[in-house]
Amino acid sequence: MGDSQQDSKKKTAYEPWTKEQTDLLLELMVDGARREWRDNSGIFSKTTVEQRILPVINEKLRCNKTYNNYQSRLKWFKNRWISYSNLLKSSSGFEYDANTKNFTATDEVWDAYLAAHSKDVNLRYGECPDYEDLAIAVDENRDVRIEDLTFDPENEAFVALSQDEPPSLGSTPPSGLPEVPKGSTQRRNQPKRSRTQYEATFSSTENIMKEFKKISNTIGEVHNILKRDTILEKREKERSYTTWDAIKEIPNLDEDTRLKAFDLLDTKSKKDGFLKMTVEERANWIAYKIRE
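About the thresholds
- Residues numbered from 1 in each chain as written.
- Predicted model: local features only at pLDDT ≥ 70, side-chain atom pairs only at ≥ 80, totals over all residues.
- Heavy atoms only, no water.
- Helix = DSSP H or I, 4+ residues; strand = E, 2+ residues; numbered from the N terminus.
- Buried < 20%, exposed > 50% of the residue type's maximum accessible area, 1.4 Å probe, protein only.
- Contact = heavy atoms within 4.5 Å.
- Areas by Shrake-Rupley, 256 points an atom, 1.4 Å probe, with all protein chains shown as cover.
- Phe/Tyr/Trp six-rings, centres within 6.5 Å; stacked < 30°, edge-to-face > 60°.
- Lys NZ or Arg CZ within 6 Å of the ring centre and 35° of its normal.
- Core = buried A, V, L, I, M, F, W, Y, C linked by side-chain atoms within 4.5 Å.
- Axes fitted to C-alpha atoms, helices over the stretch in contact; angles between N-to-C directions.
- Parallel < 35°, antiparallel > 145°, perpendicular 65-115°, else oblique.
- Nonpolar A, V, L, I, M, F, W, Y, C, P; charged D, E, K, R; others polar.
- Salt bridge = Lys/Arg side-chain N within 4 Å of Asp/Glu carboxyl O.

A. Fine view of the overall build of the protein chain. Along the backbone of the protein chain there are twelve helices and four strands. Burial status across the protein chain gives 30% buried among its 292 residues. Within the protein chain, residue pairs in contact and separated by at least 24 positions form 62% of the contacts whose partners lie at least 6 positions apart. Taken as a whole, the protein chain presents about 19800 Å² of accessible surface, with 49% of it coming from carbon and sulfur.

Right under this line is the structure:
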């Protein structure tokens, strides 16, 4: 292969993503997740990407995205999701405001977090409109399922069910050790425990501590899963009300005007803005765009 051919191949090997292309890719990934296009490991296969996602982007935006381009943008999506996840896991003081598309916290919480994560300073002052979509399209945490959990009212949290449930601290002592009635002073009458009995007690306690550690790790994971499910439900409700529904609500529009207005809403940002308008504002916007 000549030098000119090699140079040409290098130039076409990577095609930068524009914001419009990125937004459409994420929208298609969210829709694909809703349609259960992902495999059991929680990812879109190469075949799915090449047959169901990239053709839509290439045709609609007249580009030539390849699977390698997709992988590059997917890595970028995952890095953003990791930043969002680390922020919410770091402190109970952070919340995501779906209306402003911002992460919120007190100045003290922000200062403490950014002291250790200076690269995430943009999360404090910039909008993060892709958080809800990334929670659906990118988060692959499927290690914990809701049906594998039970609510612990004492700790006010969900905990994992165990096939071999360890004895609770108030249960009958292991290895047949006699129980001492509550408030009893007859401890001196208890037989001296053997080494085997002592090791059994220690082993049981150690198992309990291991379970507690598992539970503490599970709580954070469950929190993210419940939040993701809530976001997904919200997105489902939003998707049931489309821009076409909004256009049809506007009175005194003939069919041609409705179709022209629908054609004008050709990007996700335009659709989102249109849905946030009042009926009167939508009518004025359509009239203005038709006059242009």
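Still more to cover.
B. Here's a closer look at the environment of leucine 264. Here leucine 264 shows up in helix 10 (residues 255-264). Judged by relative accessible area, which is 26%, leucine 264 ranks as partly exposed. Apart from residues lying up to four places away in sequence, leucine 264 is in contact with Lys270, Trp285 and Lys289.

C. Broad picture of the environment of lysine 270. Inspection of the secondary structure puts lysine 270 in helix 11 (residues 268-276). Along the sequence, lysine 270 and threonine 243 sit 27 residues apart, while their C-alpha atoms lie 9.8 Å from each other. The residues touching lysine 270, leaving out its near neighbours within four places in the chain, are Leu264 and Leu265.

D. Quick look at the packing of aromatic side chains. Applying the stated rule across the entire model yields twelve aromatic pairs. Cluster of aromatic residues (ring-pair linked, three or more members): Trp81, Tyr84, Tyr96, Phe103 and Tyr131. Residue placement shows lysine 65 over the ring face of tryptophan 17; its charged tip is 4.2 Å from the ring centre. Here the guanidinium or amino end of arginine 73 rests over the ring plane of tryptophan 76, the centre of that ring lying 4.2 Å away.

E. How the structure looks around the nonpolar core. Grouped together as the largest cluster of nonpolar side chains are 37 residues, with contacts concentrated most on Leu25, Met29, Ile57, Tyr70, Tyr84 and Phe103. Sorting the residues of this core by element identifies helix 2 (19-34), helix 3 (46-61), helix 4 (67-90), helix 5 (107-116) and helix 7 (131-137) as the ones contributing at least two each. Ile250, Ala261, Trp285 and Ile286 belong to the second-largest nonpolar core, a separate cluster that totals nine residues.

F. Spatial organisation of the packing of helix 2 against helix 4. Where helix 2 meets helix 4, the closest approach of the two axes is 12 Å, and the angle between their N-to-C directions is 80 degrees. By the criterion of interaxial angle, the relationship of helix 2 to helix 4 is roughly perpendicular. In this structure, helix 2 contributes Thr22, Leu25, Leu26 and Met29 to the contact, and helix 4 contributes Tyr70, Arg73, Leu74, Trp76 and Phe77. Considering only residue class, the contact of helix 2 with helix 4 consists of seven nonpolar, one polar and one charged.

G. Focus on the pattern of salt bridges. Taken as a whole and assessed by the stated rule, the structure comprises eleven salt bridges. In this structure, arginine 35 and aspartate 31 form a salt bridge, with 2.7 Å as the shortest nitrogen-oxygen distance. One salt bridge connects arginine 80 with aspartate 130, and the closest N-O pair in it is separated by 2.7 Å. You can see arginine 80 sitting in helix 4 and its partner aspartate 130 sitting in the loop between helix 6 (122-125) and helix 7, a full 50 residues away along the chain. Linked through salt bridges whose partners overlap, the residues forming this network are Asp31, Arg34 and Arg35.

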